[in-house]
Number of protein chains: 2
Amino acid sequence: MLAARWHPPSYDIRVENVPVPQIEDPDDAVVKVTLAGLCGSDLHIYRGQQPITKVHITGHEFIGEVVKLGSNYGPNAARSTSGRPNLYATLSVGDKVVAPFTVNCGECHVCRLGYTGRCPVGALFGSPKLDGGQAQYVRVPKAGGTLYNLSSPASWSSALTATSDVETLLENISDSSLLLLSDILPTGVFAATQLLAHPKVQPMLTGRSWPSSLNPSSPTIDLGSGLLTQEDRLLTIAMIGLGPVGVCAAVALLDALVQKGLPYRIVAIDINQSRREKMEKVYEAIGSDGKGQNGEFVVQGLEEAKETVAKWTGDVGCTGVLEVVGNNSALTAAYDLARPFGVITSVGVHAPKNVPFTGQDLYNKNISFDFGRCPARAMFPMAFELLVKRQDVFGKVGTESSLIDRVVDIKQASEMYRAFDQGQVGKVLFDPWDQA
Amino acid sequence: MLAARWHPPSYDIRVENVPVPQIEDPDDAVVKVTLAGLCGSDLHIYRGQQPITKVHITGHEFIGEVVKLGSNYGPNAARSTSGRPNLYATLSVGDKVVAPFTVNCGECHVCRLGYTGRCPVGALFGSPKLDGGQAQYVRVPKAGGTLYNLSSPASWSSALTATSDVETLLENISDSSLLLLSDILPTGVFAATQLLAHPKVQPMLTGRSWPSSLNPSSPTIDLGSGLLTQEDRLLTIAMIGLGPVGVCAAVALLDALVQKGLPYRIVAIDINQSRREKMEKVYEAIGSDGKGQNGEFVVQGLEEAKETVAKWTGDVGCTGVLEVVGNNSALTAAYDLARPFGVITSVGVHAPKNVPFTGQDLYNKNISFDFGRCPARAMFPMAFELLVKRQDVFGKVGTESSLIDRVVDIKQASEMYRAFDQGQVGKVLFDPWDQA
Ligand SMILES: NC(=O)c1ccc[n+]([C@@H]2O[C@H](COP(=O)([O-])OP(=O)(O)OC[C@H]3O[C@@H](n4cnc5c(N)ncnc54)[C@H](O)[C@@H]3O)[C@@H](O)[C@H]2O)c1
Ligand SMILES: NC(=O)c1ccc[n+]([C@@H]2O[C@H](COP(=O)([O-])OP(=O)(O)OC[C@H]3O[C@@H](n4cnc5c(N)ncnc54)[C@H](O)[C@@H]3O)[C@@H](O)[C@H]2O)c1
Ligand SMILES: [Zn+2]
Ligand SMILES: [Zn+2]
Ligand SMILES: [Zn+2]
Ligand SMILES: [Zn+2]
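This one's a predicted model, so the numbers in the text were calculated from it and none came from an experiment. (Residues numbered from 1 in each chain as written. Chains lettered and ligands numbered in written order. Predicted model: local features only at pLDDT ≥ 70, side-chain atom pairs only at ≥ 80, totals over all residues. Heavy atoms only, no water.)

What to know about the overall build of chain A
Put simply, the rule is: By definition, any uninterrupted DSSP run of H or I lasting at least four residues is a helix, any uninterrupted run of E lasting at least two residues is a strand, and each is numbered from the N terminus. Classification of residues uses two cut-offs on accessible area relative to the type maximum, computed with a 1.4 Å probe and protein chains only: under 20% is buried, over 50% is exposed, and between them is partly exposed. Any two residues having at least one pair of non-hydrogen atoms within 4.5 Å are treated as being in contact. We get accessible surface area from the Shrake-Rupley algorithm with a probe of 1.4 Å; when it comes to residues, only the shown protein chains can shield them. Within this scheme the basic residues Lys and Arg register as positive and the acidic residues Asp and Glu register as negative, but His and the chain ends are omitted. Here the site of a charge means atom NZ of a Lys, CZ of an Arg, CG of an Asp or CD of a Glu.
Each helix and strand counted, chain A has 18 helices and 16 strands in total. With the principal axes as the frame, chain A shows a C-alpha extent of 70 × 50 × 40 Å. Across the 436 residues of chain A, 61% fall into the buried class. Considering only intrachain contacts with a sequence separation of at least 6, the fraction spanning at least 24 residues in chain A is 71%. On chain A, roughly 15300 Å² of surface is accessible, and the fraction owed to carbon and sulfur atoms is 48%. Taking the 38 positively charged and 44 negatively charged side chains of chain A as two groups, their mean positions are separated by 4 Å.

What to know about the relation of the copies chain A and chain B
For clarity, the cut-off: The copies were overlaid with a least-squares fit restricted to C-alpha atoms from residues scoring a pLDDT of at least 70 in each copy.
Between chain A and chain B, the superposition needs a rotation of 180° and an axial shift of 0.0 Å, giving an RMSD of 0.0 Å. When the rotation and shift are considered jointly, the pair of chain copies conforms to a two-fold rotation axis. Minimal C-alpha separation from the rotation axis in chain A is found for phenylalanine 369 of chain A, amounting to 2.5 Å. A share of 100% of the interface residues of chain A reappears at the interface of chain B, consistent with the copies meeting face to face through the same patch.

Structural notes on the packing of helix α13 (residues 302-313) of chain B against helix α14 (residues 328-337) of chain B
All names here are of chain B. Going by this rule: To obtain an axis, a line is fitted to C-alpha atoms, over the contacting stretch when the element is a helix, and the angle between two such axes runs from 0 to 180 degrees between their N-to-C directions. Each angle receives one of four descriptions, namely roughly parallel if under 35 degrees, roughly antiparallel if over 145, roughly perpendicular if within 65 to 115, and oblique otherwise. Note on convention: the crossing is left-handed when the near helix lies turned anticlockwise from the far helix by less than a right angle, right-handed when the turn is clockwise.
Close contact between α13 and α14 brings their axes to 10 Å; oriented N to C, the two are set at 15°. Looking at the two axes, α13 sits roughly parallel to α14. As for the relative orientation of α13 and α14, their crossing is right-handed in sense. Of α14, the residues touching α13 (which contributes Leu302, Ala305, Lys306 and Val309) are Ala333, Asp336 and Leu337.

Remarks on the coordination of the zinc ion (ligand 5)
All names here are of chain B. Put simply, the test is: Metal donors: N, O and S atoms at distances within 2.8 Å, or within 3.2 Å for Na, K and Ca, with water omitted from the atom set so that some sites may seem incomplete. Working rule for geometry: tetrahedral if four donors all subtend angles between 85 and 135 degrees; square planar for four, octahedral for six, if opposite donors exceed 155 degrees and the others stay between 65 and 115; irregular in every other situation.
Donor atoms from the polypeptide that coordinate the zinc ion (ligand 5) comprise Cys39 (SG), His60 (NE2), Glu61 (OE) and Asp183 (OD), at 1.9 to 2.2 Å from the metal. Coordination at the zinc ion (ligand 5) is tetrahedral: its four donor atoms span angles of 98 to 127° at the metal. All donors of the zinc ion (ligand 5) belong to a single chain; written as a sequence motif, their spacing is C-x20-H-E-x121-D. Of this pair, histidine 60 sits in the loop between β4 (56-57) and β5 (61-69) while aspartate 183 sits in the loop between α7 (175-179) and α8 (184-197), and the two are 123 residues apart along the sequence. Judged by relative accessible area, which is 7%, aspartate 183 ranks as buried.

Digging into the UniProt feature "domain: Alcohol dehydrogenase-like N-terminal" (unreviewed entry) in chain A
Quick reminder of the rule: UniProt positions are given in the numbering used here, feature names are shortened, and annotations may be inferred rather than shown by experiment.
As annotated in UniProt, the feature "domain: Alcohol dehydrogenase-like N-terminal" (unreviewed entry) corresponds to residues 26-143 of chain A in the numbering used here. Within the segment residues 26-143 of chain A, helix and strand shares are 12% and 23% respectively, and the terminal C-alpha atoms sit 10 Å apart.

Examining the state of the cysteines
What counts, and what does not: The term disulfide is used for any two cysteine sulfur atoms that are within 2.5 Å.
Under the counting rule described, the total for this entry stands at zero disulfides over all chains. Not engaged in a disulfide, the cysteine cysteine 248 of chain A finds its nearest cysteine sulfur in cysteine 39 of chain A; these two sulfurs lie 10 Å apart.

Some thoughts on unusual backbone geometry
A cis geometry characterises the amide bond from tryptophan 210 of chain A onward to proline 211 of chain A, with omega recorded as 5°. Assignment of secondary structure puts proline 211 of chain A in the loop between α9 (202-206) and α10 (230-233). Omega for the peptide link from proline 8 of chain B to proline 9 of chain B comes to 0°, which places this bond in the cis form. Assignment of secondary structure puts proline 9 of chain B in the loop between β1 (2-6) and β2 (13-17). With a phi close to 60°, phenylalanine 341 of chain A is a non-glycine residue in the positive phi region.

Notes on the nonpolar core
Stated precisely, the cut-off is as follows: Nonpolar cores were defined as sets of buried Ala, Val, Leu, Ile, Met, Phe, Trp, Tyr and Cys residues, with membership established by side-chain atoms within 4.5 Å.
Formed by 158 residues in total, the largest nonpolar core has its most connected members in Phe384 of chain A together with Phe384 of chain B. Look past the residues within four positions of phenylalanine 384 of chain A in its chain and what remains in contact with it is Tyr148, Leu150, Trp156, Leu160, Leu169, Leu170, Ile173, Leu178 and Leu181 of chain A.

Concerning the site of ligand 1
Spelled out, the test is: Nearness is defined per residue: one heavy atom within 4 Å of the molecule or strand is enough. Here a polar contact is taken to be a pair of N or O atoms separated by no more than 3.5 Å, where protein atoms must pair a possible hydrogen donor with a possible acceptor and residues adjacent in sequence count only if both atoms sit in side chains. Each residue receives one of three labels: charged for Asp, Glu, Lys and Arg, nonpolar for Ala, Val, Leu, Ile, Met, Phe, Trp, Tyr, Cys and Pro, and polar for the others, Gly being one of them.
Around ligand 1, the surrounding shell holds 27 residues, and the nearest of these are Asp270, Arg275, Val325, Ser329 and Cys374 of chain A. Near ligand 1, the surrounding residues are drawn from chains A and B. Residue asparagine 327 of chain A places a side-chain N or O atom 3.3 Å away from a nitrogen atom belonging to ligand 1. Serine 329 of chain A has a polar side-chain atom sitting 2.8 Å from a nitrogen atom of ligand 1. A total of 860 Å² of accessible area belongs to ligand 1 in isolation, and the protein chains cover 88% of it. For the shell around ligand 1, the elements supplying multiple residues, two or more each, are α11 (244-259) and α14 (328-337) of chain A. Across the shell around ligand 1, the residue classes break down as twelve nonpolar, eleven polar and four charged.

Quick notes on the domain arrangement of chain A
Residue and element names in this part refer to chain A. Put simply, the rule reads: For the domains described, the bounds stem from an automatic or database domain assignment. Throughout, the accessible surface (probe 1.4 Å) given up by two parts as they are put together, summed over both, is called the buried area. Any carboxyl oxygen of Asp or Glu that lies within 4 Å of a side-chain nitrogen of Lys or Arg is treated as forming a salt bridge with it.
One can read the domain layout of chain A as domain 1 (2-183 + 375-431) and domain 2 (186-371). One C-alpha centre belongs to domain 1, the other to domain 2; they are set 29 Å apart. Interface area, domain 1 with domain 2, both sides summed: about 1900 Å², of which 68% is carbon and sulfur. When the buried surface of domain 1 facing domain 2 is broken down by residue, Leu386, Arg390 and Leu403 rank first, second and third, together holding 26% of it. A salt bridge links lysine 281 to glutamate 400; the shortest N-O distance between them is 3.7 Å. If you look at where domain 1 meets domain 2, you find six residue pairs in polar contact (both at pLDDT 80 or more). Those elements giving two or more residues to the side of domain 1 that touches domain 2 turn out to be α16 (376-389) and α17 (391-394).

Observations concerning the site of ligand 2
Residues and elements named next belong to chain B. Around ligand 2, the surrounding shell holds 27 residues, and the nearest of these are Asp270, Arg275, Val325, Ser329 and Cys374. For ligand 2, a nitrogen atom lies 2.9 Å from a polar atom in the backbone of valine 347. Take glycine 372: an N or O atom from its main chain is 3.1 Å from a nitrogen atom of ligand 2. When the free accessible area of ligand 2 is taken as 860 Å², the share hidden by the protein chains comes to 88%. Taken together, the elements giving at least two residues each to the shell around ligand 2 come down to α11 (244-259) and α14. Split by residue class, the shell around ligand 2 holds twelve nonpolar, eleven polar and four charged. Both of domain 1 (2-183 + 375-431) and domain 2 (186-371) provide at least three residues apiece to the shell around ligand 2.

Let's talk about the sheet that holds β1 of chain B
Residue and element names in this part refer to chain B. So the rule is basically this: By definition, two strands form a pair when at least two bridges between them are found by DSSP.
The strand order across the open sheet built from three strands is β2-β1-β4, with neighbouring strands paired in antiparallel fashion. Sheet topology places β2 and β4 at the edges, where each strand pairs with a single neighbour. Here two bridges tie β1 to β4, and the two strands are oriented antiparallel to one another. Paired with tryptophan 6 across the strands is histidine 56, a residue of β4.

In structure tokens form, the structure reads like this:
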């Protein structure tokens, strides 16, 4: 089969003929890849920033169709499927599937809690430990825990099953759109969800001051009226980093705020003007049901954004900040923008470098931080619901407001890595079966 | 009046005769101090660790009685009390009051949210900015937002007003016990409350995996049964630091777990053996209603604790960790003890020194951190309820299990600072009116 492979030490991607992967373990599935994404995270390995020497197939974003299943699947499974994730009993050859960017067993303590991004037996697709999806076929370990079965409404949210049937739904959503489920869309949903769920944000959401915001029967400070004013409850949120993940986070955040009926002011920040322009276009493309009536959304550079937040909040700062960059200057900006008792949700992938804060800085502002990888498998049902709802944004390819710049033959992988690394193209998808 | 005053550069506390403080602002109150506490936090200034030169009255923990009120109080107030904190209308000379360790206006945006510890017009008692309570009288700025009126059931929790009347209640609680409200007890309650409210802990509390733990109608990963097992839900919590604040946090945490009916395993950690012994004694003193039936509570040194957690959780780590120390070695221990997607709640006061983590460390374990000062005024109703309930622990002075070692004449302040700094006495309270 054809596959894009990374060669040491760096900047060397080759499309080569390699053996089709086989079932190696009874829990494995083999998936025929329909589309594979090229992602900012692929550049860490591409650039040789990690101490890796092993030649391996790249890519952690793919959708496709199940073509082979290990002996632990189906009614006559070698191992009983009872008590295991449903997919061991129900997954079939021919099912349309998407995988998260990491493997997760779905049955250990960590997975059961929903923290699938940190399954102890997990592995990242497209790493020396596990061949990736920029290929015609990919082997998926622990596929019963890892894969999300798009063909089965059993895995959909109730909102989706209530409004649509499988065929109609899948017919109306392109594969390029579905590909966003593998990484950037659930990560955006995760970031937004985590921020709004934080206890320090609850006073704005509930209208009750801390700590009775956590529990209506908790006794709390006796204010004049006992309740917060509409102005107190106005959420001010900064988002730092408007790459593909940042844009997904913005759409997810807006959707969550509108669903909850919350008034908001969002400042979306990037140092790169073309990224700011993309964000503007995406915002314009979102239908009014995705923005609500009580919101303000501006896109700015960092210095301008600081002034905006100071003006909006009388120098108090933001309720919450999303850090979707992955470097220390973004963390510092997040700190500066947050109010006392502010929340910083970071989904950026960070380097092995000390974070730029003293304990006194963090104490003095009562800062809360949430770091880390998206538990993508656990986010799929929410992300899929948002994907269907916001086809005005996610359903497009190659327009000014689309997250996907183009779909190309996988044979162009080497050239596309180069162009993507140099900022000459936006998000690219590879078609491994292109006949042109 | 008599007052303990700090003199530069360090280790110099003198009990001196100084003028009685007067009303300086219409929002002020003057409080006659009944008892004032000596606290670990006083040692930062005592030791000259801060760039301070101003002679000032020490102490941020006191209870007492209102003796003077500014012109903004009462029915004939110079300024209308409508829309202001209730106390501007209701506080009277003679009321028994306790203050948090910082002033807070109670009416700005930050205070209204309940984040009183970071009121922009706040100040710390016993600092160069504001004379403290280790004296016969103390001036309380913004007293209508700052003070908690123990004499008025209007400020009590409904649980307390339902079970008791003012006279009976206050008769049965000693002043030394009430003094704990000024700092260490609300800080312990704050730490425990913050930890258990964190979204990453909710799967254990709700029995639903993340993200449907946040919202029952959120679609979530489709597991075999859809619900977590009893074993999944067993909370494993480490507490680091068993000084007075750590012990209060332990009692508060146990109480919250028992109230919620949650099974738990707690390992309480200190490097100091006498601190561990005190914690053991306190745990023994707690009535069975404060421990519940489904809990395990062990007190250990750090290395032993790491083994305990590894054994308890099969090397996964703790759901949450409380850091009640205030140094980098405790933060590192907290990181090591936390599970992936673990929560670290830090109430330690930290130095202006970089925290010992890289962004990669925090990303790799999906760590959440909550730092900072207790919003003590907002925590008072909860803390007061716990104080009344747990008189088995908080109601004692000078026993093996009591948090208060002794009550002494304020004239011994200099000697007590010295002994406390050298670990020769536990928590000491000063009586400014001792005639002996
Ligand atoms: N947590 C997860 O599970 C997860 C999943 C996917 C991606 N990621 C990470 O999320 C981050 C964003 O991903 P992406 O693909 O959108 O990346 P990207 O590189 O395309 O976008 C990052 C953006 O941040 C901007 N930026 C850089 N420094 C900045 C600063 N100091 N202030 C403001 N903006 C700044 C850049 O101009 C760029 O537009 C990356 O770190 C990526 O590795 C994490
Ligand atoms: N957040 C707030 O609002 C607030 C309020 C009050 C106190 N504090 C802070 O809380 C902390 C605890 O206060 P306290 O009065 O109980 O202090 P303390 O100094 O009496 O107790 C600290 C304990 O930590 C132990 N310790 C030190 N290093 C350790 C390590 N590496 N591992 C395990 N244990 C270690 C010590 O042996 C000691 O028993 C201090 O930093 C204090 O300043 C914060
Ligand atoms: Zn990706
Ligand atoms: Zn797992
Ligand atoms: Zn104190
Ligand atoms: Zn205030």
